[in-house]
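# Secondary and tertiary structure notes
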Amino acid sequence: MNAKVNFFRLQLSVILIIGMLTVPAFAQVSNNFKPVDDDGILSIKQNPFDVNNFVIGRDFHENKFKDQEKGLKGMAASYFNVSDASDAKKQNIALCEKLGLGVVISAEGKHLTGGDWMKMSDQEIDDYVKAMVKSGGNSKAIIGYHICDEPSSLAFPKLAVAVAAVRKYAPGKMATINLYPNYATLWTLDQVKSQLGTKTYKEYLEQVVKVVNPHMISYDNYMVQFSMDQQVKSRAAAHYTNIMDVREISLKHNIPWWNVVSSNQIRHYTTIPTMANLLLQAYTSLAAGAGGVRWFTYHGLSYDYNPIDKDENKTLTWRYLQEVNRQLSVLGPIVKKLKSTGVYFTDASIDPTLPLLPGQHVQSIDSKQPLMVGEFVSEKGNKYVMIVNLDLEKSARFIVNTKIPDERLFVVSAGEDVPYFSEIAKKKLNGTMRGNTKEQIEMSEQNAYWLPAGQGVLIKCSGK
């Protein structure tokens, strides 16, 4: 009797031991695992009219809507959070406030050039800004005051006076200045031929920070379309090198930066806006940690293929832009909360000066298409990666290899207006879903992810 009991106990012990060994192993690969959103990125909500928001805006040229109510409602429906720049007489500030559109005031609809500011005395500049602030009124929708577009560095001392005056008369608001791109002309012995007024572009950026002390670094670059959708390699490279230069100065001086990109046919001989090139301009900015994206131009009478045509009707470009802005409205505030720690590329042919993988966390990426990789870290030390398909013609299939072998990766999905996690994981497939050839079956069993042309994706690295 005792022998039978002991034998039963032995069998039970073996079963329990096997169970203890197998349960944790099963739990480790369970598809029910979800990363904890300890950074709170899935519940970020921006407060309207906060100057620290991720900016989705248009060019700061004068409001030219004939039907202003229709125009402003169209901007809000297309996920803009900042309108154009105009004086309080021409801008329906009350409607902007109702729609959640931030307002940038410009005096009497004027847009002074750098040369205009250089002709003014310091007292005249102070008086001008004071009058501009007073003319706008006290609406909570007002987030800033427009100072200048594409100034030479020679104008920086006078712009510094204007920015200081905005800080004095409108504390907490922004003074907006938009800078030249890196393909503007450099300093030469003949100053008339120089747009930047400096010997290098980085010197131009350093000077604006040192002399002007701006609220942000904002610049425009339209080379994605000037390069004929990146077919002219030398021009396409300027889009990426400009991003890298501005990002470097922004991080060095802890100043947010905005990228102003093209949403129209920038010249009659260039390519037109497409979903792919709009996505690429937006996501390459996000991948480098931009604090805002602005589109030139939303409604411009001198350009074709605008989101709003000359008769103020929505075009197909408006439909494309609405979706791109929707994705920016989901992911932009998340990127704004993270710290950009590195930007890398997978294709050296884009430009030899651009850094290639490996990065600090991403070891390599398997893909036939060129990719841009932005690495980020949260305040809690969690790692995020944004990957962008730089091909404007083909979808990109990629496999990410981080420095943690077989790390579990979760897409921050922007399919819904509220983001959610979705794992990049192997799927259990049967029959024809797996494919018929050995190559197809192997591809089906890999942890791969696909991106359409120009599309980007934000990924949370679980550390597991």
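Quick note: structure is the one above.
These remarks concern the structure in this document. Sequence positions are assigned chain by chain, starting from 1 and proceeding in written order. Given that the model is predicted, a residue must reach a pLDDT of at least 70 before its local features are reported, and side-chain atom pairs must reach 80 or more before they are shown or counted; all residues, however, enter totals for whole chains, interfaces and linings. Excluded from the side-chain calculation are hydrogens and water; included are all heavy atoms of the structure.

## Observations concerning unusual backbone geometry
Most peptide bonds are trans, and most residues other than glycine sit at a negative phi. Note the cut-off: Each helix is a run of H or I in the DSSP string that is no shorter than four residues. Each strand is a run of E no shorter than two, and both are numbered from the N terminus. Between buried and exposed lies partly exposed: a residue is buried under 20% and exposed over 50% of the maximum accessible area for its type, with that area taken using a 1.4 Å probe on protein chains only.
Here the residue pair Phe296 and Thr297 is connected by a cis peptide bond, since its omega of -5° sits within 30 degrees of zero. Topologically, Thr297 is positioned in the loop between β8 (292-296) and α11 (316-337). Phi at Glu150 takes a positive value of approximately 50°, unusual for a residue other than glycine. Mapped onto the elements, Glu150 comes out in the loop between β4 (142-149) and α6 (156-169). A residue is classified by how much of its surface remains accessible, and Glu150, at 27% relative accessible area, is partly exposed. The phi dihedral of Met228 falls on the positive side, at around 60°, and the residue is not glycine. Within the fold, Met228 resides in the loop between α8 (223-226) and α9 (233-253).

## Structural notes on the pairing of strand β12 (residues 383-389)
The cut-off we apply is this: At least two DSSP bridges between two strands are needed for those strands to be called paired.
Of all seven residues in β12, six are buried, a share of seventy percent or more. Of the strand pairs in this sheet, strand β11 (residues 371-377) and β12 are connected by seven bridges, and their pairing is antiparallel. Residue pairing for β12: Val377 is matched across the bridge by Lys383. Connecting the antiparallel pair β11 and β12 is a turn made up of five residues, with Gly381 showing a positive phi of about 90°. For β12 and strand β17 (residues 456-461), the ladder comprises six bridges, and the chain directions are antiparallel. Bridge pairing in β17 places Val388 opposite Gly456.

## Quick word on empty space enclosed by the protein
We count it as follows: Every definition here rests on a 1 Å grid over the protein atoms only: cavities are sets of points where a 1.4 Å probe fits but cannot get out, pockets are open sets enclosed by protein on both sides within 12 Å along at least five of seven lines, and lining residues have some atom within 4 Å of a point. Grid points are joined across faces, edges and corners, and a volume is the space filled by probe spheres set on the points. Any residue outside Ala, Val, Leu, Ile, Met, Phe, Trp, Tyr, Cys, Pro, Asp, Glu, Lys and Arg is labelled polar, Gly included; the first ten of those are nonpolar and the last four are charged.
Tallied over the entire structure, the rule returns two cavities of 30 Å³ or more. For the largest cavity, the full set of lining residues is Phe65, Lys70, Gly71, Gly74, Tyr298, Ile308, Glu312 and Lys314. Looking at the lining of the largest cavity residue by residue, the class counts come to three nonpolar, two polar and three charged. Lining the second largest cavity, in full, are Ile177, Leu179, Val208, Pro214, Met216, Ile217 and Ser218. At the level of secondary structure, the elements contributing two or more residues to the lining of the second largest cavity comprise β5 (174-179) and β6 (217-220).

Shape descriptors only; they carry no functional weight alone.
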